[in-house]
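# Commentary on secondary and tertiary structure
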Amino acid sequence: MDSSLDFGQGSKINVESQNGNSTGVFFYDGGNTFTMDGGSIHVTSNSAGKATGIDTSRAEKTTLNLGDNTHIEINSGTERGSGLYFGKDTTLNANGLVIDVTTLDSANTVMIYGIQTGSNNHINLGEGSKITLYTPGGTAYGLTSGRGSQIAANNLTIDAPLLFPCHLKMFTDFPRLRIFNCQNSFSGLSGRLYISTAHTSL
């Protein structure tokens, strides 16, 4: 049976793991709706763990309504860290969404993600959303998009304040993806930042 989780206005979810992985909100099955307006999700894993804000990777047809100015903060270990990790047919509606993903591990094998979308996702980031990624030596993926997904945003900022010159790779084989007035500001300097938009349309 489908479920609806309504966290209302200004709710806070704080998750911390001292031994292993941690996730703020995880969906085991599909058809669910999650609502939060102006709230926050703060997830921290230990040095060897993985931290994820919202995970729908096993749940098809999940709808996330994150309202205005919701903040997702991730502090991950040596495993992957993700603000949002989506499975098939996930829908996201948000405005002014802020995602901060950090790992302090300097190994070049560490990967962190702002938003990982699955296939056939429908992503609307509204106006003024921002993704910030910090890794002193790994790889940062601001936005990755699965086949058949649709993404829309106005004045989206993806910021990678790193330690050495970063490298931006854009995959635009499917140019119908449109991020309107996207401002990609890279204020610092290290590792690699990727925005992958292959197989995506609007």
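Going by the structure above, here's the rest.
Residues numbered from 1 in each chain as written. Predicted model: local features only at pLDDT ≥ 70, side-chain atom pairs only at ≥ 80, totals over all residues. Heavy atoms only, no water.

Most of strand S6 (residues 51-55) sits inside the fold, with five of its five residues counted as buried. Both strand S3 (residues 22-26) and S6 contribute to a ladder of four bridges, which runs parallel. Within the sheet, the bridge partner assigned to Ser-22 lies in S6 and is Ala-51. Two strands pair when backbone bridges link them, and S6 and strand S9 (residues 81-85) are joined in this way by four bridges, in the parallel orientation. Across the sheet, the residue bridging to Ala-51 is Gly-81, located in S9. (Buried < 20%, exposed > 50% of the residue type's maximum accessible area, 1.4 Å probe, protein only. Helix = DSSP H or I, 4+ residues; strand = E, 2+ residues; numbered from the N terminus. Pairing = 2+ DSSP bridges.)

Spatially, six strands are ordered S2-S5-S8-S11-S14-S17 in an open sheet, and the strand pairing comes out parallel. Across the chains shown, the open sheet's two edge strands, defined by having one partner strand only, are strand S2 (12-16) and strand S17 (157-159). The sheet shows a mean angle of 5° between the axes of neighbouring strands, direction not considered. As defined by bridge partners, strand S14 (residues 130-134) adjoins S17 across three bridges and the pair is classed as parallel. Paired with Thr-132 across the strands is Asp-159, a residue of S17. (Axes fitted to C-alpha atoms, helices over the stretch in contact; angles between N-to-C directions.)

All chains considered together, the criterion is met by four aromatic pairs. With a centroid separation of 4.7 Å and an interplanar angle of 80°, the aromatic rings of Phe-26 and Tyr-28 are classed as edge-to-face. Of the residues examined, Phe-26 reaches a relative accessible area of 28% and is grouped as partly exposed. Judged by centre distance (6.5 Å) and plane angle (80°), the ring pair of Phe-27 and Phe-34 falls under edge-to-face. Taken together, the ring pairs connect Phe-7, Phe-27 and Phe-34 into an aromatic cluster. (Phe/Tyr/Trp six-rings, centres within 6.5 Å; stacked < 30°, edge-to-face > 60°.)

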